[in-house]
Amino acid sequence: MELIYQITNELWKRILDWMKEEKNQERFLWACFGISLLPILVLSFFNHPVMDDFNYGILTHRAFMENKGFGCIIPILKAAVQRSVNLWHSWQGTFTFAVIGALRPSIFTEKLTFTHTFILLGLFIGGFVYFSKIVLHRILGLSKHVAMIIAVLVMTLCIQYVPVGLEAFYWWIGSIGYTGMFGVMLVLFAMLFLCKYEKRITAKRMAAMTAMAFLLSGGMYPILLLTAVLLVLNLLDVLIGKQYEKIMKIQITVMNVIFFAGFILNVAAPGNSRRQSNFEPRTPVEAVYKSYTKSLEYLFECTNVVIALVMIGLFVYMLYKLKDTKFSFRCPLMFTLVSYSMVVVMWVPAIYAVRFISGGRYYNILYYGVIMFYTANVIYYAGWLRRKYEKCGEQVQKLVRDLSPLILGVLAVFCVILGFLKINIVRDLEEITSATALKSMVYGEAQVYHREIKEREAMYNDPSLREVVVEEVTYRPELLYFGTLTPDPDESRNQAMCDYYDKDYMVKLVPEEEETGEDSAGEAEDSSGEAELE
């Protein structure tokens, strides 16, 4: 027994010694992060196209079916552009989003649907990592390891507590324009900050930023407006600032011109007017006011005890890690107001146009904004407090150091009590995205759903079968199922799938007592409602 105790004690000491180094802390968190993603990634192999995936992919899928080999590339690209043109005229001006939506990997075969999750997570994680590396390491002066530790913590909160995981990492059309482009936006912002920090823009960086700016100019409106606001503020700062050379002023101006050309093309689309006729917009002033009030309510609604505990821990961690940085952290209240206003900006398009936030995919990026707002302010206020401490006399500093163990002890007890009182293991575990994915697979729901949809797809892809009638799936995995065929053969989704698979008639059978419109609750906000897209 004593031998076991000695071995355990020695092992624990070695682990603690190993964890004292920042690089090992980073390695440990990356390992935990990777493990946490496994259920999400594995579940992607049970995923299938749904909803507007078919609507957006009609022309590109047809181009692939009619042109085999590498000869299909140009026709597919032309079909994607045609889809964008049709959407611009009929429903919405988001021209680059329409192209990306039409080019989903699974237009070639449904077996590639799993790649949607890998691409979406890749864009999201890549954006966060690059943003953290530039802002926290290059600009703020934290070590690479600390920057990555913060990035992993923030990404974990964003991914595991995302409001609607289905529309974040599984449904291509609902995800790529929001979660996917959010990652691209972070890369663009990080590059802008780095260029201002270095006071120069290289040719490669200029090309990359211009391409991303144009991509975002034809994207969804919350990300579009936030990008526009930041680019305008950045342009004004560069033009006014005497520290920037003339060539940089020209480069930033050119990038803004290209972005706002796409911006105007997006918002001036005839389809926007057609769509807007269904709603009564607010005035701009009212929209801004309502966005502040509603976003403040959401700030408290989406904040759980786990997020609060992580932010408390991060604050204490940053008090120590910011000792070697030179950043001044002035005017913290102004920083809070500006950073929160950036979150509010994403609310304005929906509050102005349709008076409410529609779709889980929209709430997803609002949630990412809240987590980044918390993180930025935790770091900023920790830095501000650190600078105040450094300006104090030796006696005050010594008093603070002497009281630190007591303060940390009280804070630790408070966090433990808060955790015991507020954390419900069963309920809170079900809110985690990875747990939801794992539950679907352990209970067998994902496997049954996968088998039944594959049987459907065999009928869909059978050219000899002109009329398709299917039954409802047995299970609806929370992160996968979103509804496809309905009992009404004339419904837009059924018509879109008929065009996609070249069928005459497609319908879903339901028991007479079942409501026929049960799938319609998840109707995509940006659906054109038209099967004819040629």
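This text gives an overview of the structure that appears in the document. (Residues numbered from 1 in each chain as written. Predicted model: local features only at pLDDT ≥ 70, side-chain atom pairs only at ≥ 80, totals over all residues. Heavy atoms only, no water.)

**A few points about the packing of aromatic side chains**
Ring pairs (aromatic) are described by centroid distance and by the angle formed between their planes.
Item 1. Taken as a whole and judged by the stated rule, the model has 33 aromatic pairs.
Item 2. Summarising the aromatic geometry, the rings of Trp30 and Phe33 are spaced 5.7 Å apart at their centres and angled 80° between planes, so their arrangement reads as edge-to-face. Of this pair, Trp30 and Phe33 both sit in helix α2 (residues 22-43), three residues apart, roughly one helical turn.
Item 3. Given a relative accessible area of 28%, Trp30 falls into the partly exposed group.
Item 4. Taking the centre distance of 5.9 Å and the plane angle of 85° together, the rings of Phe114 and Phe118 count as edge-to-face. Taken together, the positions of Phe114 and Phe118, both in helix α6 (residues 114-139) and four residues apart, correspond to about one turn of that helix.
Item 5. Looking at Phe114, the relative accessible area reads 24%, which means it is partly exposed. (Phe/Tyr/Trp six-rings, centres within 6.5 Å; stacked < 30°, edge-to-face > 60°. Helix = DSSP H or I, 4+ residues; strand = E, 2+ residues; numbered from the N terminus. Buried < 20%, exposed > 50% of the residue type's maximum accessible area, 1.4 Å probe, protein only.)

**With respect to helix α15 (residues 305-321)**
Item 1. The end-to-end C-alpha separation of α15 is 24 Å, in line with the 24 Å expected for 17 residues at 1.5 Å each.
Item 2. The set of residues buried in α15 consists of Val305, Ile307, Met311, Leu314, Met318 and Lys321.
Item 3. The backbone nitrogen of Val306 has a side-chain oxygen 3.1 Å away, supplied by the residue at the start of α15, namely Asn304. (Expected span 1.5 Å × (residues − 1). Polar contact = N/O pair within 3.5 Å; in protein donor to acceptor, adjacent residues only side chain to side chain.)

**Structural notes on the nonpolar core**
Item 1. Formed by 127 residues in total, the largest nonpolar core has its most connected members in Phe182 and Tyr368.
Item 2. Per element, the largest residue contribution to this core is 17 residues, and it comes from helix α9 (residues 172-198).
Item 3. Excluding anything up to four places from it in sequence, Tyr368 contacts Phe124, Cys158, Val162, Ala168, Phe169, Thr179 and Phe182.
Item 4. Within the second largest apolar cluster, 19 residues are counted, among which are Ile107, Tyr460, Leu485 and Cys498. (Core = buried A, V, L, I, M, F, W, Y, C linked by side-chain atoms within 4.5 Å. Contact = heavy atoms within 4.5 Å.)

**Side note on the pattern of salt bridges**
Item 1. As enumerated under the stated definition, the model contains 14 salt bridges in all.
Item 2. Taking the shortest distance from any N to any O, the salt bridge between Arg386 and Glu390 comes out at 3.5 Å. Of the two residues, Arg386 and Glu390 both sit in helix α18 (residues 360-391), four residues apart, roughly one turn of that helix.
Item 3. For Arg386, a relative accessible area of 18% gives the class buried.
Item 4. Owing to a relative accessible area of 34%, Glu390 belongs among the partly exposed residues under this scheme. (Salt bridge = Lys/Arg side-chain N within 4 Å of Asp/Glu carboxyl O.)

**Here's the deal with the state of the cysteines**
Item 1. On inspection of all chains with the given rule, the structure shows zero disulfides.
Item 2. Of all cysteine sulfurs, the one in Cys158 lies closest to Cys32, which takes part in no disulfide; the gap is 18 Å.
Item 3. Here Cys32 falls in the partly exposed class, since its relative accessible area comes to 36%. (Disulfide = S-S within 2.5 Å.)

**A closer look at helix α22 (residues 445-460)**
Item 1. Taking 1.5 Å per residue, 16 residues should reach 22 Å; α22 reaches 22 Å between its end C-alpha atoms and fits that length.
Item 2. All buried positions along α22 are accounted for by Ala446, Val448, Tyr449, His450, Glu452, Ile453, Arg456, Glu457 and Tyr460.
Item 3. At its buried positions, α22 is contacted by α2, α21 (433-442), β1 (467-471), α23 (492-501) and β2 (505-509).

**With respect to the environment of Met372**
Item 1. Position of Met372 among the secondary structure elements: in helix α18.
Item 2. Relative accessible area serves as the criterion here: at 19%, Met372 is assigned to the buried category.
Item 3. Separated by 244 residues in sequence, Met372 and Phe128 place their C-alpha atoms 10.0 Å apart.
Item 4. In contact with Met372, other than residues within four places in its own chain, are Phe128, Phe131, Phe182 and Leu186.

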